[in-house]
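Structural characterization, general
Listed here are the chains, written in short residue letters.
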Amino acid sequence: EEEADGPKGGRLLPASWHPPTAGQHAAVSLEDEELEENEGMGPLFTKVSTDVLNAEDVTRERPAKLHDWEREDVRETLRNLFVTGKWTAEESAQEGGGAAAFEMV
Amino acid sequence: AVQESGARFLRQNLILATLSGRPLEVTDIRPKAVPPGLQGHEANLLKLLDRATNGCRIEINDVGTAIAYRPGLIIGGTFTHDCSLQRGVGYWLEVLACLAPFAKHPTCATLTGVTNSELDVGVDVFRTVTIPLLRKFGVEASLKILKRGAAPDGGGQVEFTCTPVRKLEAITLVDEGKVKRVRGLAYSARLSPDLANRMVRAAKGLLLKLLPDVFITSDHFKGEEAGRSPGYGITLVVETTNKGDVFLSEELVPNPAEMDKVQLTPEDMGLLAAKRLLEQLLQGGVVDRAHQPLTLLLMALGPEQLSKVLLGQLTEAAENMRRLLESYFGVTFSVQSR
């Protein structure tokens, strides 16, 4: 992602940075905001916030957004995942069936 | 020692440190929170580890923002553990499910606390999906639900038993088959039994549009076995033509944190559970999102033979498990997209 932004996108280097002109090196201002956020580690490193490292320990992650399953056209996209949908020849051959009922209680 | 920072994947780290016998140091545990450091449920988990293993050493700094853990031998045995009420017992069961198969003795752990919670895998999912998944790897385990317990006061009780496994089995789970039925359980405790029926009706309303065979039991708990707080919830499990080789479920209980903002009716909950189940089906995979990390772990610890599994998009927990398996055990996964 960062590469796509390019160095001028400001993610890798502070905004005050310019490509050096011949014989001159641009100084990186240490007061730059982005550097400060970075706790002076320099433009090559990014610091991961402790909030991210300390997010809730959850194994069951829920998707942030759900499709509108009440719409019929959306539901129909799943149709062939069900026995009521279309079967390929290979799939029908595999269906052995006849397993005992799965008790939920 | 393995160095990690942050509490987010503390459980995975503790599990892998214990299984690999490698010491672990975790720093930067909620340094900015008030109060900082470890929270009640995490300290409680360390107690459980101390109980289930022999000779482990746990050091915590004064503010609780750093711990050093030197694992001991996994012993197992019979014990009772009071889980703290911030999290569901699933939080602790997930850890036991990873450790007990490799214990010296059979494990029979009675856990008390909140049986079904928004954040953690509920006991119904554990019993109908996690246990069969363990069995697929050759692990003999069972879960008995003795009492229900909802947040905030809990009062639930479950008994987890597990026999040590001599050798895990390699798995090849690459075909989902086609969805044949949906089974489920809706329950209410200390509340009108009608709540469960209303959830069932709403969930079925949506699912029946795709599939004729939907059967959801409703169950009502009262008195001793209902726990200390009123609660209700719904669990749905998918069965396919590859019966026994698909581990797909969804569960919904009221979220106390959101209760004041959005009050979900039982109808909303039944419908939302059904929608989330469909969302998981769309994602694909033989194992649902909640069980991805456990599956990766048991595959990595398995025999030399190659194990294969088909998963939907990996969750962050599963990605992290993959990273940790590489740093603790040097196991790598080869990933192909289909």
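Residues numbered from 1 in each chain as written. Chains lettered and ligands numbered in written order. Predicted model: local features only at pLDDT ≥ 70, side-chain atom pairs only at ≥ 80, totals over all residues. Heavy atoms only, no water.

1. A look at the overall build of chain A
Heads up, the rule is: Elements are defined by DSSP. Helices are runs of H or I of four residues or more, strands are runs of E of two residues or more, and each kind is numbered from the N terminus. Only protein chains enter the accessibility calculation, which uses a 1.4 Å probe; a residue is then buried when its area is under 20% of its type maximum, exposed when over 50%, and partly exposed in between. By definition, residues are in contact when any of their heavy atoms lie within 4.5 Å.
Each helix and strand in chain A was counted, giving 5 helices and 0 strands. Ordering the α and β elements of chain A from the N terminus gives α-α-α-α-α. A burial count over chain A gives 23% of its 105 residues as buried. Put simply, 12% of the contacts in chain A that link residues at least 6 apart link residues at least 24 apart.

2. Regarding the pattern of salt bridges
Residues and elements named next belong to chain B. Defined as follows: Any Lys or Arg side-chain nitrogen found within 4 Å of a carboxyl oxygen on Asp or Glu counts as a salt bridge.
Counted under the stated rule, the structure contains 24 salt bridges over all chains. A salt bridge links Arg181 to Asp213, with the nearest nitrogen and oxygen atoms 3.2 Å apart. Remark: Asp213 occurs in the loop between helix H5 (194-207) and strand E13 (214-221) and Arg181 occurs in strand E12 (residues 179-189); sequence separation between them is 32 residues. The residue Glu267 makes a salt bridge to Arg198 at a minimum N-O spacing of 2.8 Å. Taken together, the residues Glu267 in helix H6 (residues 266-283) and Arg198 in helix H5 connect sequence positions 69 residues apart. Residue classification places Arg198 among the partly exposed residues on the basis of a relative accessible area of 26%. Several salt bridges share partner residues, and in doing so they unite Arg181, Arg183, Asp213 and Glu239 into one network.

3. Comments concerning the interface of chain A and chain B
Rules: Buried area: the accessible surface (1.4 Å probe) lost by two parts on joining, summed over both. Each polar contact in these results corresponds to two N or O atoms within 3.5 Å; when the atoms are within protein, one needs to be able to donate a hydrogen and the other to accept it, and residues that are neighboring in sequence are counted only if both atoms are side-chain atoms. Here the nonpolar group is Ala, Val, Leu, Ile, Met, Phe, Trp, Tyr, Cys and Pro; Asp, Glu, Lys and Arg are the charged ones; every other residue, Gly included, is treated as polar.
Tallying the contact residues gives 37 residues for chain A and 59 residues for chain B. At the boundary of chain A with chain B, total buried surface from both sides reaches about 4,600 Å², with 55% on carbon and sulfur atoms. Among the ionic pairs, Glu70 of chain A bridges to Lys275 of chain B, the shortest N-O distance being 2.9 Å. Our count for the contact surface shared by chain A and chain B stands at 30 residue pairs in polar contact (both at pLDDT 80 or more). Those elements that provide at least two residues to the side of chain A that touches chain B are helix H3 (50-53) and helix H5 (89-94) of chain A. If one sorts the elements of the side of chain A that touches chain B by residue count, H3 of chain A sits on top with 3 residues. For the side of chain A that touches chain B, the class distribution of residues is 18 nonpolar, 7 polar and 12 charged.

4. A look at the confidence of the model for chain B
Definition in use: The predictor attaches a confidence to each residue, and that confidence, scored 0 to 100, is pLDDT.
Within chain B, residue pLDDT values average 95, and 99% of them lie at 70 or more. ipTM for the predicted complex: 0.89, alongside a pTM of 0.86.

5. Topic: the side chain of Arg11 of chain B
Within the fold, Arg11 of chain B resides in helix H1 (residues 10-20). The class for Arg11 of chain B is buried, based on a relative accessible area of 3%. Of the polar contacts made by the side chain of Arg11 of chain B, one reaches the side chain of Thr59 of chain A; its length is 3.1 Å. In terms of polar contacts, Arg11 of chain B uses its side chain to reach the side chain of Glu94 of chain B, at 2.8 Å. Other than its neighbours up to four places away in sequence, Arg11 of chain B contacts Asp57, Val58 and Thr59 of chain A together with Leu45, Arg87, Gly90, Tyr91, Glu94, Val95 and Asp120 of chain B.

6. A closer look at the packing of aromatic side chains
Applied cut-off: By convention, a stacked pair of Phe, Tyr or Trp rings (six-membered ring in the case of Trp) has centres within 6.5 Å and planes under 30 degrees apart, an edge-to-face pair has planes over 60 apart, and any other such pair is tilted. Charge over a ring is defined by NZ of Lys or CZ of Arg lying within 6 Å of the ring centre and within 35 degrees of the ring normal.
All told, the structure shown has 3 aromatic pairs over all chains when counted by the stated rule. Their ring planes at 70° and their centres at 6.1 Å tell us that Tyr187 of chain B and Phe221 of chain B sit as a pair that is edge-to-face. Of this pair, Tyr187 of chain B sits in strand E12 while Phe221 of chain B sits in strand E13, and the two are 34 residues apart along the sequence. The burial state of Tyr187 of chain B is the same as that of Phe221 of chain B; both residues are buried. Directly above the aromatic system of Tyr187 of chain B lies the positively charged group of Arg148 of chain B, at a separation of 4.3 Å from the ring centroid. The ring of Trp87 of chain A carries Lys178 of chain B above its face, with NZ or CZ at 5.5 Å from the centroid.

7. Looking at helix H2 (residues 40-52) of chain B
For the record, the criterion: A helix's residues, less one, multiplied by 1.5 Å, set its expected span.
Here H2 of chain B is 13 residues long and its end C-alpha atoms lie 19 Å apart, about the 18 Å a rise of 1.5 Å per residue gives. By the burial criterion, the buried members of H2 of chain B are His41, Glu42, Asn44, Leu45, Leu46, Leu48, Leu49 and Ala52 of chain B.

8. What to know about the sheet that holds strand E2 (residues 24-27) of chain B
All names here are of chain B. Rules: Pairing between strands is defined by DSSP: at least two bridges between the two strands are required. Interaxial angles span 0 to 180 degrees and are taken between N-to-C directions of axes, which are lines fitted to C-alpha atoms, for helices over the stretch in contact.
Taken in spatial order, the 4 strands line up as E1-E2-E5-E4 in an open sheet, and their pairing is mixed. Edge positions in the sheet fall to strand E1 (2-5) and strand E4 (57-60), since each has one partner strand and no second. Going across the sheet, the axis of each strand differs from the next one's by a mean of 15°, ignoring polarity. Note that E1 and E2 share 4 bridges and pair parallel. Pairing of Val2 across the sheet is with Leu24, part of E2.

9. Focus: the pairing of strand E7 (residues 77-82) of chain B
All names here are of chain B. Put simply, the rule reads: Here the term right-handed applies to a crossover when the path leading from its first strand over the helix to its second strand runs clockwise, the strands being oriented away from the viewer.
Where burial is concerned, the two faces of E7 differ: the one with Gly77, Phe79 and His81 is buried and the one with Thr78, Thr80 and Asp82 is not. Pairing of E7 with strand E8 (residues 107-113), which is carried by 6 bridges, proceeds in the parallel orientation. Bridge pairing in E8 places Asp82 opposite Thr112. On the question of chirality, the crossover connecting E7 to the parallel E8 by way of helix H3 (residues 90-99) is right-handed.

10. What to know about helix H7 (residues 292-301) of chain B
Since the α-helix turns once every 3.6 residues, residues separated by three or four places project in the same direction. Residue and element names in this part refer to chain B. Buried residues dominate H7, accounting for 9 of its 10 residues. If you check which residues of H7 are buried, you get Gln292, Pro293, Leu294, Thr295, Leu296, Leu297, Leu298, Met299 and Ala300. Elements in contact with the buried residues of H7: H1, H3, helix H4 (123-136), strand E16 (308-309) and helix H8 (316-329).

11. Looking at the sheet that holds strand E15 (residues 248-252) of chain B
All names here are of chain B. Ordered in space as E13-E12-E14-E15, the 4 strands form an open sheet in which the pairing is mixed. At either margin of the open sheet sits one strand with a lone partner, and together these are E13 and E15. Adjacent strand axes in the sheet meet at a mean angle of 15° when their direction is disregarded. As judged from the 10 bridges shared by E12 and strand E14 (residues 231-240), these two strands associate in the antiparallel manner. In the sheet register, Val182 faces E14, and the bridge partner there is Val238. Helix-sheet contacts for H5 involve E12, E13 and E14, and the interaxial angle to E13 is about 170°.

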